[in-house]
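Chain by chain, the residues run as shown.
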Amino acid sequence: MSNRPTGRSTGRPGPGRARLALALAALLGGGALTALPAQAAPAAADGLSVQYRTSAGGATADQTEPWLKVRNTGSSPVQLSQVKVRYYFKADSPSDTYRFACSWAVRGCSVVTGTFGTLGNPTATADRYLEIGFTQAAGTLAPGADTGDLQLRFHRANWQTLRQSDDYSFNGAQTSYANWDKVTAQLAGATVWGAAPEGNDPTDPTDPTDPTDPPGGGQSLFDDFDYSSHTDPAISAHGWNVRANSGGPGVPGATWDPSKVTFVSAGGNSVMNLETSTAGTGASTTHTEVLTRATKFRNGTYAARVKFSDAPKSGPDGDHLVQTFFTINDLKAPMADDYAEYDFEYLPNGGWGEPANILYTTSWETYNPEPWQAVNQHSEQRRSYAGWHDLVVTIDDSAITYYVDGQHFGTHDAQYLPERPMSINFNQWLIDLNGQTSTAPRAYDQQVDYVLHVKDQVLTPAQVAAKVAGYRNAGTGFVDEVPAI
């Protein structure tokens, strides 16, 4: 393998946060990723129904108010975090943007999410949709039970009057709850209720003609990461390296230990486990990283399923830990404008001035390690992300867009688009030893299922899920069609 300069996920999205200098001369390598625990299947083929009413029935209104109830009509409990409901409407102007709000919900508005999307095949009554989802905190829905009221609303960002009488999912006469098949519901990625506007059925991975299935073609990298150990020769053969060389980021004096990258069974699949440990000193600290040897990835879709951890698997908690999925190229000179880095970084115990758990997505234009200066854009959510998460970032010629569990997380500007290709990386490391000063040994795990890159194609999270399912159903554990640069 060749010696090349490489970057690391180095954190500190905000320009005022202290960050350790990035090691600019480290061995490029790549690690193997592994398969994700299977998602729960829908309770039954017709496992959900959706009731609808409106509290704003006029042809025009200040805001549209779709109130919904989701009922489990199957025979098994349903994880609400796997449920998506779409309400379809016609934008009042092609340039309009909309804002979502939850007025009240039986289960609490804090567990309800709302994002807007654009239909691939606009009709006379719909070119947009509002997608309602639920966080993991929403819990389960027992057979025969419903969510209770979801009193939702949305409005034009400029608060101008909107016309709703021409909206596909609107019914001004329906002022009491009743089943309504002009909204759709998906459960674990499969459509189980309703009919979308013609030509716009939500994703059903079993339907090859669905317009939200993954587009044909597209040179792809996919790895299900079914390896025996960090010494498995297939890891190198598949273009990955498990890092063993010294350098940043993280605690000075720490080592990057390839033996701490293991492959374990979870949910019936093999997953890659990255272990980071410390006993409170630099010499006792071990970090882990896997990354592609090749820097050949630029525009397109990047996706992975990653399990973040809030607590150590052993020992006292509190360390300033960073768990990541990112792409990067090398900084050739301070403030060089052809640098690029796109990060998912989860800090379960805070760090960089944050007191508690926070998830960052960050798009980098450039930086100067000394004195510190950064040019980047970031999005953040301050809450726990412990558990498995689907992470997607798409890059085209206009923007960088991040998704977590199918929900839009942030969109960053064209200023931060990559000028050169990048590697794909996962690592876990400690920012410092200030979060936990004990000398008792402790160890943290980050797990990774699959990784996917589709060159020059922007896929929705649903299309990512369908493409991954297609590889797995075909028994394809690894493919790399992306040409070398």
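Refer to the structure printed above.
Keep in mind that this is a model prediction, so the values were computed, not measured.

Looking at this structure, how should I read the overall build of the protein chain?
Per the secondary structure count, the protein chain includes two helices and 31 strands. Long-range contacts, defined here as pairs at least 24 residues apart, represent 73% of the contacts in the protein chain between residues at least 6 apart. For the protein chain, the exposed surface amounts to about 18000 Å²; the carbon and sulfur share of it is 50%.

Explanation requested: the pairing of strand β14 (residues 190-193) in the structure shown.
Residues in a regular strand project their side chains so that they alternate between the two faces of the sheet. Pairing of strand β13 (residues 183-187) with β14, which is carried by three bridges, proceeds in the antiparallel orientation. Bridge pairing in β14 links Ala185 to Trp193. Here β13 folds back onto β14 in antiparallel fashion, the turn holding two residues, of which Ala188 has a positive phi close to 55°.

I would appreciate a short explanation of the side chain of His320 in the present structure.
Inspection of the secondary structure puts His320 in the loop between β21 (300-308) and β22 (321-328). Within the structure, the side chain of His320 is placed 2.8 Å from the side chain of Asp432, a separation counted as a polar contact. Apart from the residues within four sequence positions on either side, His320 is in contact with Asn349, Gly350, Gly351, Trp429, Leu430, Ile431, Asp432, Asn434 and Gly435.

When you look at the nonpolar core in this model, what are you seeing that I'm missing?
If you look at soluble globular proteins, the nonpolar side chains tend to sit buried side by side. Counting 38 residues, the largest nonpolar core has Trp240, Tyr302, Val306, Phe325, Ile400, Ile424 and Phe426 as the members making the most contacts within it. Sort the elements by how many residues they give to this core and β21 lands first, with four residues. Setting aside residues up to four positions removed in sequence, Ile424 forms contacts with Leu221, Trp240, Val290, Leu291, Thr292, Phe297, Tyr302, Phe325, Phe326, Thr327, Val451 and His453. Judged by nonpolar contacts, the second largest core, of 32 residues, contains Leu68, Leu80, Tyr87 and Leu150.

When you look at the environment of His389 in this model, what are you seeing that I'm missing?
By the secondary structure assignment, His389 is in strand β26 (residues 387-395). Residue class for His389 comes out buried when judged on its relative accessible area of 2%. Spatially, the C-alpha atoms of His389 and Phe308 are 7.8 Å apart, while their sequence positions differ by 81 residues. His389 has contacts with Gln136, Ala304, Arg305, Val306, Phe308, Val404 and Asp405, leaving out every residue within four places of it along the chain. Among the polar contacts made by the side chain of His389, one reaches the side chain of Asp405 at a distance of 2.7 Å.

Honestly, the sheet that holds strand β12 (residues 178-179) in this entry has me stumped. Any pointers?
Remark on secondary structure: sheet strands pair via backbone hydrogen bonds, oriented parallel or antiparallel. Spatial strand order, β6-β10-β3-β1-β12: five strands in an open sheet with antiparallel pairing. Either end of the sheet is taken by a strand with one partner, and the two such strands are β6 (98-105) and β12.

Sorry if this is basic, but what is going on with helix α2 (residues 461-473) here?
Each α-helix winds once per 3.6 residues, and so residues spaced three or four apart point in a common direction. Taking 1.5 Å per residue, 13 residues should reach 18 Å; α2 reaches 18 Å between its end C-alpha atoms and fits that length. Turning to α2, its buried residues are Pro461, Gln463, Val464, Ala466, Lys467, Val468 and Tyr471. Structurally, α2 contributes buried residues whose contacts are with β15 (220-223), β21, β26, β27 (400-404), β30 (442-455) and β31 (478-480). Of the residues trailing α2, Gly475 is marked for its positive phi of about 75°.

What should I look at first to understand the sheet that holds strand β5 (residues 83-89) in this one?
Read from one edge of the open sheet, five strands run β7-β8-β5-β13-β14, paired in antiparallel fashion. Every interior strand has two partners, whereas the edge strands, β7 (112-118) and β14, have only one. Here the average twist between neighbouring strands, direction ignored, is 30°. As paired strands, β5 and β13 are joined by five bridges and run antiparallel to one another.

What is the right way to look at the environment of Gly139 in this model?
Inspection of the secondary structure puts Gly139 in the loop between β8 (128-134) and β9 (140-141). Note on Gly139: relative accessible area 22%, which makes it partly exposed. Placed 59 residues apart in sequence, Gly139 and Leu80 show a C-alpha to C-alpha distance of 6.0 Å. Not counting residues within four places of it along the chain, the set of residues in contact with Gly139 comprises Val78, Gln79, Leu80 and Arg107.

Hey, could you run me through unusual backbone geometry in this one?
Excluding glycine, a negative phi dihedral is what most residues carry, and trans is how most peptide bonds are arranged. That bond from Gly248 to Pro249 is cis: its omega, 5°, falls within 30 degrees of zero. Here Pro249 is to be found in the loop between β16 (240-242) and β17 (255-256). Geometrically, the link from Glu370 to Pro371 is a cis peptide bond, its omega value of -5° lying close to zero. Although it is not a glycine, Phe225 adopts a positive phi angle of roughly 55°. Summarising the element assignment, Phe225 is placed in the loop between β15 and α1 (233-237). You can call Phe225 buried: its relative accessible area is 0%. In this structure, Asp405 is a non-glycine residue whose phi angle is positive, near 55°.

Rules and cut-offs
- Within every chain, residues take consecutive numbers counted from 1 along the sequence as written.
- In view of the model being predicted, local features appear only for residues whose pLDDT reaches at least 70, and side-chain atom pairs are presented and counted only at 80 or more, with totals across whole chains, interfaces and linings using the full set of residues.
- The basis for every side-chain value is the complete set of heavy atoms in the structure, and neither hydrogens nor water enter the calculation.
- We count a stretch as a helix when DSSP gives it H or I for four or more residues in a row; a strand needs E for two or more, and each element gets its number in order from the N terminus.
- Only heavy atoms matter for contacts: two residues are in contact if any of them lie within 4.5 Å across the pair.
- Reported accessibility uses the Shrake-Rupley method at a 1.4 Å probe radius. Residues are deemed covered only where the shown protein chains occlude them.
- When DSSP finds two or more bridges between a pair of strands, those strands are recorded as paired.
- Pairs of N or O atoms are called polar contacts if they sit within 3.5 Å, as long as, within protein, a hydrogen donor faces a hydrogen acceptor (for residues adjacent in sequence, only side-chain-to-side-chain pairs).
- We define the nonpolar core as a collection of buried residues of types Ala, Val, Leu, Ile, Met, Phe, Trp, Tyr and Cys that are connected through side-chain atoms lying within 4.5 Å of one another.
- Only protein chains enter the accessibility calculation, which uses a 1.4 Å probe. A residue is then buried if its area is under 20% of the maximum for its type, exposed if over 50%, and partly exposed in between.
- One less than the residue count of a helix, multiplied by 1.5 Å, gives the span that helix is expected to have.
- Angles here are taken between N-to-C directions and fall from 0 to 180 degrees, while the axes themselves are lines fitted to C-alpha atoms, restricted in helices to the stretch in contact.

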